[in-house]
Amino acid sequence: EIYTLSLHDALPILDRMAKDRGFRVFLVLIPGLPEPFDTSTLPPFLTTRTWVDMRKGIFGDRTFQQLVNAIRGVAPGPELPVEPRNDICPYQGLQPFSEEHKEFFFGRDADIQRLIERLKVDRFLTVIGPSGSGKSSLVRAGLIPALRSGVVIGSDEWTIQVFTPGTLPLTSLVANLKRINPQLDAGVLDKCRVEQRTLHLESSTAFADQPSAKRVVWVIDQFEEVFTLCNNENERQPFISNLLYAALIPGGRDAVVLTMRADFYHKCAAYPDLAAQISTHQFLVSPMRIEGLREVIEQPAWRVGLRFEAGLVDTILDDV
């Protein structure tokens, strides 16, 4: 049964949400809702909830199954476990998730959805969180696979380059640029040092014969390394300026996604243009909600055909 309620009528729902952690509340985006979806318009109790996106229609098998899974409290994916596997551990422990671990990455659906909506309108985004909050995993095992699946129109054709700055961030950027265009001029590194338009111009040249929606997404993981490992301002400053120019010029081919530890936020203040963009284009990674934690515990085991003893998951969640 489906009921439509006003916010006033929803007060009993809010009360039950507070008392019953197994009570499922989620959003359904219906056809006609503008894109991108602006989560800032939601009432506070819904701002961190996952949604089922039906804006493209409600009758597709995959979309309808997502709705069914949300109602039943089942994570996306196969409803029946696969055959038991003894050759793989489905948990990463304290290690970050990468794209190759995407089938075992759970609990961050709502965050992935919000990042996607941001990238529909912006080409610069910073994912910020405390050390160990899961920001790198969110981007590598959550956002990137979603983009490769075509969740944004044309994103399945985008080129995605992932790297960390290291001690020579500009050199690392140029090395990744050469992977896109092996015919790159040998002097492009020197050009980047003196001309902030270089990355933009080289990307535009590399994709000149491609459709206008074609992009290259620069994912700079652990961006704080530009402050912790790089001691050369001739590497740091042009690295930052080339990324900003490429991501912000209208009609450009480049999008930039940074992940950064929150305790390095203040370091960006020394670079006013960078500080301005980070302050207005950021996503703060928060601790998981209880339903996300349950997915993190249960679903990886489910994917390799394992089950938990009755009551064990609740005991783990109580401890957490």
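Just so you know, these numbers come straight off a predicted model, no measurement behind them. (Residues numbered from 1 in each chain as written. Predicted model: local features only at pLDDT ≥ 70, side-chain atom pairs only at ≥ 80, totals over all residues. Heavy atoms only, no water.)

(A) Quick peek at empty space enclosed by the protein. Here the structure, examined in full by the defined rule, presents 1 cavity of 30 Å³ or more. For the lining of the largest cavity, the element with the highest residue contribution is helix H9 (residues 233-248), accounting for 3 residues. When the residues that make up the lining of the largest cavity are grouped by side-chain class, the tally is 8 nonpolar, no polar and no charged. (1 Å grid on protein atoms, 1.4 Å probe; cavity = no way out; pocket = protein on both sides within 12 Å on 5 of 7 lines; lining within 4 Å. Points joined across faces, edges and corners; volume = space filled by probe spheres on them. Helix = DSSP H or I, 4+ residues; strand = E, 2+ residues; numbered from the N terminus. Nonpolar A, V, L, I, M, F, W, Y, C, P; charged D, E, K, R; others polar.)

(B) Here's a closer look at the pattern of salt bridges. Taken as a whole and assessed by the stated rule, the structure comprises 15 salt bridges. The closest approach of N and O atoms between Glu-35 and Lys-120, which form a salt bridge, is 2.6 Å. Linking Glu-35 in the loop between strand S1 (27-29) and strand S2 (51-53) with Lys-120 in helix H3 (residues 109-121), this pair joins segments that are 85 residues apart in sequence. One salt bridge connects Glu-233 with Arg-236, and the closest N-O pair in it is separated by 2.4 Å. Here Arg-236 and Glu-233 lie together in helix H9, a separation of 3 residues that amounts to about one turn. When its relative accessible area of 34% is taken as the criterion, Glu-233 is described as partly exposed. According to the relative accessible area criterion, Arg-236 is buried, its value standing at 11%. Shared partners join several salt bridges into a network, and the residues in it are Glu-35, Asp-53, Arg-55, Glu-117 and Lys-120. (Salt bridge = Lys/Arg side-chain N within 4 Å of Asp/Glu carboxyl O. Buried < 20%, exposed > 50% of the residue type's maximum accessible area, 1.4 Å probe, protein only.)

(C) Layout of the sheet that holds strand S4 (residues 159-163). Strand order in the open sheet formed by 5 strands is S4-S5-S6-S3-S7, with parallel pairing between adjacent strands. Each edge of the sheet is formed by a strand with only one pairing partner; in this case those strands are S4 and strand S7 (282-284). Strand-to-strand twist across the sheet, computed as the mean angle between neighbouring axes with direction ignored, equals 15°. Sheet topology places strand S5 (residues 216-220) next to strand S6 (residues 254-261); 5 bridges connect them, and they run parallel. Within the sheet, the bridge partner assigned to Val-217 lies in S6 and is Ala-255. Against the sheet, helix H5 (residues 169-180) contacts S4 and S5, and its axis sits at roughly 150° relative to S4. Docked against the sheet, helix H10 (residues 272-280) engages strand S3 (124-129), S6 and S7, running at close to 75° with respect to S3. (Pairing = 2+ DSSP bridges. Axes fitted to C-alpha atoms, helices over the stretch in contact; angles between N-to-C directions. Contact = heavy atoms within 4.5 Å.)

(D) Here's a closer look at the packing of aromatic side chains. Per the stated rule, a full pass over the model turns up 5 aromatic pairs. Summarising the aromatic geometry, the rings of Phe-97 and Phe-105 are spaced 5.2 Å apart at their centres and angled 65° between planes, so their arrangement reads as edge-to-face. As far as burial versus exposure is concerned, Phe-97 and Phe-105 are alike and both buried. Taking 6.3 Å as the distance between ring centres and 25° as the angle between the ring planes, the aromatic pair formed by Phe-223 and Phe-239 counts as stacked. A residue pair is termed long-range when its members are at least 10 positions apart, and Phe-223 in the loop between S5 and helix H8 (225-228) and Phe-239 in helix H9 qualify at 16 residues. A relative accessible area of 1% means that Phe-223 is categorised as buried. Every member of this aromatic cluster is reached through a ring pair, and the members are Phe-223, Phe-227, Phe-239 and Tyr-271. (Phe/Tyr/Trp six-rings, centres within 6.5 Å; stacked < 30°, edge-to-face > 60°.)

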